[in-house]
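# Structural description and commentary
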Amino acid sequence: MKYPRLVIAGVHSGVGKTTLTLGLIAALRRQGVQVQPFKVGPDYIDPGLHFRAAGVKSHNLDSWMGLARVVETIFIKNAPVDGISVIEGVMGLYDGARGERLQGSTAHIALILKAPVVLVVNARGMGGSCAALVKGYMDYEPGLALKGVILNNAGSNYYKIALKKRLEEELGVKVLGCIPKTTGIVMPERHLGLLPAEENKEISSAISLMADLVESEIDLESLLELAGSAPCLEIPLEESQKALKWKVTLGVARDEAFSFYYQDSLDYLKELGAEIVFFSPLGDKSIPPVDGLYIGGGFPEMFLAQLSGNIPMINSLQNAEACGMPIYAECGGFMYLTKSIRDFDGRVWPGAGLVPAEVQMTKRLAALGYVQAKALKTSVVAEAGDVLKGHEFHYSEITGLGDGDYAFSLVGGKGADHRGDGYAKGNLAASYVHLHLRSNPRAAFNLLEACRKFREVRLSQ
């Protein structure tokens, strides 16, 4: 089956690939092309921005948390046959999991999906060295189909004529365009990266301006031809655990404070039989009538006044926990469930009080990277001894937990191996670790089974 597709990769972080990707998606949509975005790696913010540009949900492709079969499954489930899949890379083309050559990298995803690669290069201050740089990226992994280049910060005729000719004649790579330096397109940032789409009031304008620039500077016809040159993919689509169907209702916290979810994790839960009902810890007064709760990550630290002031919601959460409802929380959700959060300015705000710990926001990065999380005890997501694969990224620290409270022992990421993380007791499990559920199917099974048991008890009363 033909699935037109290409990977937008960067030489390194900060070359402008996210802004460029958004402009490409929007420009192609203007031409009536169906565009399905994907994002390499454990990123939540870029997929949200993709959605604003494409009008459809973006999906993460991660070859460290998930095997190649998982990557293929997510791609095939969502990629259009009559259209184009635009896969935005992570960091630099070959940057992946620590200690691994390619695993977790943009290059690995391109190899798994046999996708042509377009390399974004910040050409500012470079001449012939740009050719040497691109050649190095082409030669490092001979199996990679690096077929196109986009030069950023390259508005003069030198780049558009002389350097373009040199790259195409010497390397046989197509220069798809030269983007001049711009000052009018601004993508605001905060401590975890770009500002999420939910909070960026100017995102639509920025995407429109970038689309204008792409239309004037990028050879979109050649880009579509490159995507169409990708070989056929013959991957049988498997149904998710046909024999396993949990008819439960799962409440998922989603608003400006809690928006960090892998779209495929929610899709996977639905495939397993769960009905997803969204609620807002910021604005709602109570949780909906559900059989369990999933409170994901996000930026609760930016909304502490509203969260701590929503006493009815906190009471509702406390009542749900007391009644035995399964509750699973990740990162920002974990923080929200603690007794208190001390913000960046030192002010202390009450949390939901389900986890007997305190949170301190930090000025420096506290954790970043892929981790293996070994369950120290049985919980609503894991049996004792299970090893889950996830990712952590946060600017906060937890205090007040004892060794017997921790849910997991972590290996990898930032910090000493075998460090304690999270909290698990009874029907509650919370951790800094973000899980991709299709890549950790037993965690999804365990959570939904806990919801089923709670539902049976609730309905029998």
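Cut-off values and rules
Residues numbered from 1 in each chain as written. Predicted model: local features only at pLDDT ≥ 70, side-chain atom pairs only at ≥ 80, totals over all residues. Heavy atoms only, no water. Pairing = 2+ DSSP bridges. Helix = DSSP H or I, 4+ residues; strand = E, 2+ residues; numbered from the N terminus. Axes fitted to C-alpha atoms, helices over the stretch in contact; angles between N-to-C directions. Contact = heavy atoms within 4.5 Å. Phe/Tyr/Trp six-rings, centres within 6.5 Å; stacked < 30°, edge-to-face > 60°. Buried < 20%, exposed > 50% of the residue type's maximum accessible area, 1.4 Å probe, protein only. Expected span 1.5 Å × (residues − 1). Arc of directions from axis to C-beta. Core = buried A, V, L, I, M, F, W, Y, C linked by side-chain atoms within 4.5 Å.

## Notes on the sheet that holds strand 6 (residues 146-152)
Sheet strands pair via backbone hydrogen bonds, and the direction of the pair is either parallel or antiparallel. Here seven strands make up an open sheet; going across it, the order is 3-2-4-1-5-6-7 and the pairing parallel. The strands lining the two open edges of the sheet, one partner per strand, are strand 3 (59-61) and strand 7 (174-179). Between one strand axis and the next, the sheet turns through 25 degrees on average, direction left out of account. Looking at chain direction, strand 2 (residues 35-40) and strand 3 are connected through three bridges and run parallel. Following the sheet pairing, Phe38 is matched in strand 3 by His59. Lying on the sheet, helix 3 (residues 68-78) is in contact with strand 1 (5-10), strand 2, strand 3 and strand 4 (84-92); it crosses strand 3 at an angle near 150 degrees. The strands that helix 8 (residues 220-228) touches are strand 1, strand 4, strand 5 (117-122), strand 6 and strand 7; relative to strand 7, the one it contacts most, it runs at about 140 degrees.

## Observations concerning the packing of aromatic side chains
Applying the stated criterion across every chain yields a total of 15 aromatic pairs. Ring geometry for Phe393 versus Tyr395: centroids 6.5 Å apart, planes at 50 degrees, classification tilted. Note on Phe393: relative accessible area 25%, which makes it partly exposed. Accessibility expressed as a relative area gives 18% for Tyr395, which makes it buried. Taken together, the ring pairs in this structure connect Tyr44, Phe260, Tyr262 and Phe299 into an aromatic cluster.

## Quick word on helix 5 (residues 129-140)
Here helix 5 is 12 residues long and its end C-alpha atoms lie 17 Å apart, about the 16 Å a rise of 1.5 Å per residue gives. Where helix 5 is concerned, the buried positions are Cys130, Ala131, Val134, Tyr137 and Met138. For helix 5, the angular spread of buried residues about the axis comes to 130 degrees, placing them on one side.

## A word on the environment of Gly41
Mapped onto the elements of the fold, Gly41 is located in the loop between strand 2 and helix 2 (45-54). Distance from Gly41 to His59, taken between C-alpha atoms, is 9.9 Å for residues 18 residues apart in sequence. In this structure Gly41 touches Asn60, Leu61, Asp62 and Tyr370, once residues within four positions along its chain are discounted.

## Considerations on the nonpolar core
Formed by 89 residues in total, the largest nonpolar core has its most connected members in Phe75, Ile84, Ile87, Leu93, Leu113, Leu151 and Leu167. Sort the elements by how many residues they give to this core and helix 1 (residues 17-30) lands first, with seven residues. Ignoring sequence-local partners within four residues, the contact set of Leu151 consists of Val121, Ala123, Cys130, Tyr159, Leu163, Leu167, Gly177, Cys178 and Ile179. Within the second largest apolar cluster, 73 residues are counted, among which are Ala352, Val371, Leu388 and Phe445.

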